[in-house]
Amino acid sequence: MKHVGARAIDGELKKGSAELLILSLIEHRARHGYEISKLIEERSGELLKFNVASFYPLLYRLEARGLIAGRWVEKSGQRRRRYYRLTAQGREMLKAQRSTWLNFVIAIHRITEAENA
């Protein structure tokens, strides 16, 4: 993981946001696991990276909980890939998580900026 100044993104913070990131990226169209992982990395400016050992088990857990649904797709000349889409239950969870994270960010901002106002 790249560093912001001398600091890397905290691992616990990354773990706590992983579900929201994945659900957000498949909200409008199905994507395969590698694509989801690469989009997280690219859109975060390479500040967030997930290793395979933790990323794919997270996808499997989301699927087991009914938040995403996966299906295998085979394309000519390519390897077989599992594409994930958001389920109705996943949409509800995404909505709730977005609200929770927004409230969290607002609260943190209020606290950390209070003395500077």
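Relevant structure appears above.
Residues numbered from 1 in each chain as written. Predicted model: local features only at pLDDT ≥ 70, side-chain atom pairs only at ≥ 80, totals over all residues. Heavy atoms only, no water.

(A) A look at the sheet that holds strand E1 (residues 31-32). Read across the sheet, 3 strands follow the order E1-E3-E2 without closing on themselves; strand pairing throughout is antiparallel. Of all the strands in the sheet, just E1 and strand E2 (68-73) have a single pairing partner and so form its edges. Relative to strand E3 (residues 81-86), E2 is paired through 6 bridges, and the arrangement is antiparallel. Pairing of valine 73 across the sheet is with arginine 81, part of E3. Across the sheet, helix H3 (residues 52-64) is in contact with E2 and E3; its angle to E2 comes to roughly 115°. (Pairing = 2+ DSSP bridges. Helix = DSSP H or I, 4+ residues; strand = E, 2+ residues; numbered from the N terminus. Contact = heavy atoms within 4.5 Å. Axes fitted to C-alpha atoms, helices over the stretch in contact; angles between N-to-C directions.)

(B) Quick look at a nonpolar patch on the surface. Side chains of Leu13, Phe104, Val105 and Ile108 sit close together on the surface and give an oily, nonpolar patch of about 340 Å² of accessible area. A total of 3 residues in the nonpolar patch trace back to one element, the largest contributor, which is helix H4 (residues 88-113). By the secondary structure assignment, leucine 13 is in helix H1 (residues 11-25). Judged by its relative accessible area of 41%, leucine 13 is partly exposed. (Patch = residues over 30% accessible without salt bridge, like charges linked within 9 Å, V, L, I, M, F, W, Y side chains within 5 Å. Areas by Shrake-Rupley, 256 points an atom, 1.4 Å probe, with all protein chains shown as cover. Salt bridge = Lys/Arg side-chain N within 4 Å of Asp/Glu carboxyl O. Buried < 20%, exposed > 50% of the residue type's maximum accessible area, 1.4 Å probe, protein only.)

(C) Layout of unusual backbone geometry. If you check the backbone angles, glutamate 46 has positive phi at about 65° while not being a glycine. Relative to the assigned elements, glutamate 46 resides in the loop between helix H2 (33-43) and H3.

(D) Highlighting the side chain of threonine 87. Residue placement: threonine 87 occurs in the loop between E3 and H4. Polar contacts involving the side chain of threonine 87 include one to the main-chain carbonyl oxygen of glycine 66, which spans 2.5 Å. Dropping the residues within four chain positions of it, threonine 87 is found in contact with Gly66, Leu67, Ile68 and Ala69. (Polar contact = N/O pair within 3.5 Å; in protein donor to acceptor, adjacent residues only side chain to side chain.)

(E) Just the pattern of salt bridges, in detail. Taken as a whole and assessed by the stated rule, the structure comprises 6 salt bridges. Between glutamate 27 and arginine 98 there is a salt bridge whose closest N-O contact spans 2.8 Å. Here arginine 98 lies in helix H4 and glutamate 27 lies in the loop between H1 and E1, a separation of 71 residues in the sequence. Looking at arginine 98, the relative accessible area reads 36%, which means it is partly exposed. For glutamate 35, the salt bridge goes to arginine 31, with nearest N and O atoms at 3.0 Å. The exposure class assigned to glutamate 35 is buried, which follows from its relative accessible area of 18%. Owing to a relative accessible area of 10%, arginine 31 belongs among the buried residues under this scheme. Connected through salt bridges with shared partners, the residues Arg29, Arg31 and Glu35 form a single ionic network.

(F) Here's a closer look at the nonpolar core. With 20 residues, the main nonpolar core has Ile22, Ile36, Ile40, Phe55, Leu59 and Ile68 as its most contacted residues. Residues in contact with phenylalanine 55, not counting those within four places in the same chain, are Ile22, Gly33, Ile36, Ser37, Ile40 and Phe50. (Core = buried A, V, L, I, M, F, W, Y, C linked by side-chain atoms within 4.5 Å.)

(G) Focus on the packing of aromatic side chains. The full count for this structure, using the stated rule, is 3 aromatic pairs. Consider the rings of phenylalanine 55 and tyrosine 56, whose centres lie 5.6 Å apart with planes at 90°: the pair is edge-to-face. Assessed through its relative accessible area of 1%, phenylalanine 55 is described here as buried. Their ring planes at 80° and their centres at 5.6 Å tell us that tryptophan 101 and phenylalanine 104 sit as a pair that is edge-to-face. Placement of the pair is tryptophan 101 and phenylalanine 104 together in helix H4, with a separation of 3 residues, close to one helical turn. Taken together through their ring pairs, the aromatic side chains of Phe50, Phe55 and Tyr56 make up a single cluster. (Phe/Tyr/Trp six-rings, centres within 6.5 Å; stacked < 30°, edge-to-face > 60°.)

Nothing here speaks to function; it is geometry throughout.
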